[in-house]
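A look at the structure
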Amino acid sequence: MSVDQMIKLSGVERIRTRDPNNHLHCRKTQLLAYVGGRTPWSDLLMYGALGSTSAIHRHCYLRGKDRWAFDTPYVTEDDLRLLGFEVFSAGTVDLARFESGLPGFLAAGQPVFFYAPRHHFPHWVEFMRRAGTVPEEYGLLHSFLVCGASGTDVLLVDNVTDDHEYVPLTVGWDVLRDGHAREPERWFTGCATVRQTSDAPDRDGFEAAYRAFLAGFRDGFELYDVIGDHLVVERASVSATYRAPGVNSMALLAGSRALFRRFLAHTAHGEQVRVAYARIAQLAAVLSDRVTAFQAGLPALPADRIRRGLAHLRLREQQAARLLAEEAADLPQILPVPVTGR
């Protein structure tokens, strides 16, 4: 690899966030951003985005975990395979193997992912200070997406902007080498690459997966009541706003609904279903912002008004879920081949 010449993936500028609510695990949001820049069909991955609110409750309230640690049932390797992308995992590798192997993957047009402590990267330290990250979380692992390299530098694509948009960032190999020397056991873990295997998604596969999801989808959406019931006590007891269970739960709910709405645009579902979930996504995003503002102690709506909004959203979810299941049962084909052949 030349010292000056950088091997760079084509289409780096098309790697844009597909997760405006910033609720996905870092590796998943990177995979989604990457494949979304390679195919117009990435929204098919969201057929199961409604997920289970009970699973979110267990994660955020019973285990006290944040949104980015939640294993969403969408953007999975099996579904990426249906979309026409194969993920190849190498696990943990040492620095020498990473350096020697990286140029070959990039030359083949494949990005490379790895985990490392985020506080070893200056751009992450600056972002965490700006975002008010608590000090004990500075050293958490983050997935890094490599899209280019030369003999002196590595081209990362990361989302440390205030709006969580992906931008290319060049860091020196010395940053990686110094960080690895400090904590070698925590560097280059979860190494992986992804290769596009088809230009067209497996529509029959997605059809079957979506119908299986609907067949097992049972949810009372009680989580909205739980969030409302805990608003006041969480504001009094949780020091960092982003750690509040209600804030994390609402981010997951708003994020998943926004993605499911996009999936519906590729289906034969009717206008009534699409409008219902568009309104749910919009209301969930508004209430997510309001719950966050309330927990931060900012001038916001009173708790009672937020609770009424959450109760209204729960009712909308229940009505839309029934309508969704009933309509799907009557549709002979939910994912028709587009007439335009887009």
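One can find the structure itself at the top, above this paragraph.
Residues numbered from 1 in each chain as written. Predicted model: local features only at pLDDT ≥ 70, side-chain atom pairs only at ≥ 80, totals over all residues. Heavy atoms only, no water.

Each helix and strand counted, the protein chain has 12 helices and 7 strands in total. Here the C-alpha atoms of the protein chain give a radius of gyration of 21 Å, agreeing with the 20 Å that 2.2 N^0.38 yields for 342 residues. Taking the principal axes of the C-alpha coordinates as reference, the protein chain spans close to 60 × 55 × 25 Å. Taken across its 342 residues, the protein chain has 53% of its residues classed as buried. Here the contacts in the protein chain between residues at least 6 apart in sequence split such that 77% fall between residues at least 24 apart. Surface exposure of the protein chain reaches about 15200 Å², of which carbon and sulfur atoms provide 51%. Side chains of the protein chain carry 38 positive and 40 negative charges; the gap between the two charge centres is 4 Å. (Helix = DSSP H or I, 4+ residues; strand = E, 2+ residues; numbered from the N terminus. Rg over C-alpha atoms; globule rule 2.2 N^0.38 Å. Buried < 20%, exposed > 50% of the residue type's maximum accessible area, 1.4 Å probe, protein only. Contact = heavy atoms within 4.5 Å. Areas by Shrake-Rupley, 256 points an atom, 1.4 Å probe, with all protein chains shown as cover. Lys, Arg positive; Asp, Glu negative; His and termini not counted. Charge placed at Lys NZ, Arg CZ, Asp CG, Glu CD.)

The next point concerns the nonpolar core. Phe98, Phe114, Phe121, Leu176, Tyr210 and Tyr277 are the most contacted members of the largest nonpolar core, which has 104 residues in total. If near-sequence neighbours (up to four positions away) are discounted, Leu176 is found in contact with Phe98, Phe114, Phe121, Val154, Val171, Trp187 and Phe188. (Core = buried A, V, L, I, M, F, W, Y, C linked by side-chain atoms within 4.5 Å.)

Turning our attention to the pairing of strand β7 (residues 189-196). In this sheet, β7 lies alongside strand β2 (residues 85-91) in antiparallel orientation, the contact comprising 6 bridges. Paired with Val87 across the two strands is Val194, which belongs to β7. Across 3 bridges, the pairing between strand β3 (residues 112-117) and β7 is antiparallel. Within β7, the residue paired with Val112 across the bridge is Thr193. (Pairing = 2+ DSSP bridges.)

Turning next to the pairing of strand β5 (residues 153-158). Note on strand geometry: in a regular strand, side chains alternate between the two faces of the sheet. Among the 6 residues that make up β5, 5 are buried, leaving the element largely enclosed by the rest of the structure. When strand β4 (residues 141-149) meets β5, the two strands line up antiparallel, connected through 3 bridges. Bridged to Gly148 within β5 is Leu155. Here β4 hands over to β5 after 3 residues, the two strands then running antiparallel side by side. Pairing analysis gives 6 bridges linking β5 to strand β6 (residues 167-172), with the strands arranged antiparallel. Residue pairing in the sheet places Leu155 in a bridge with Thr170 of β6.

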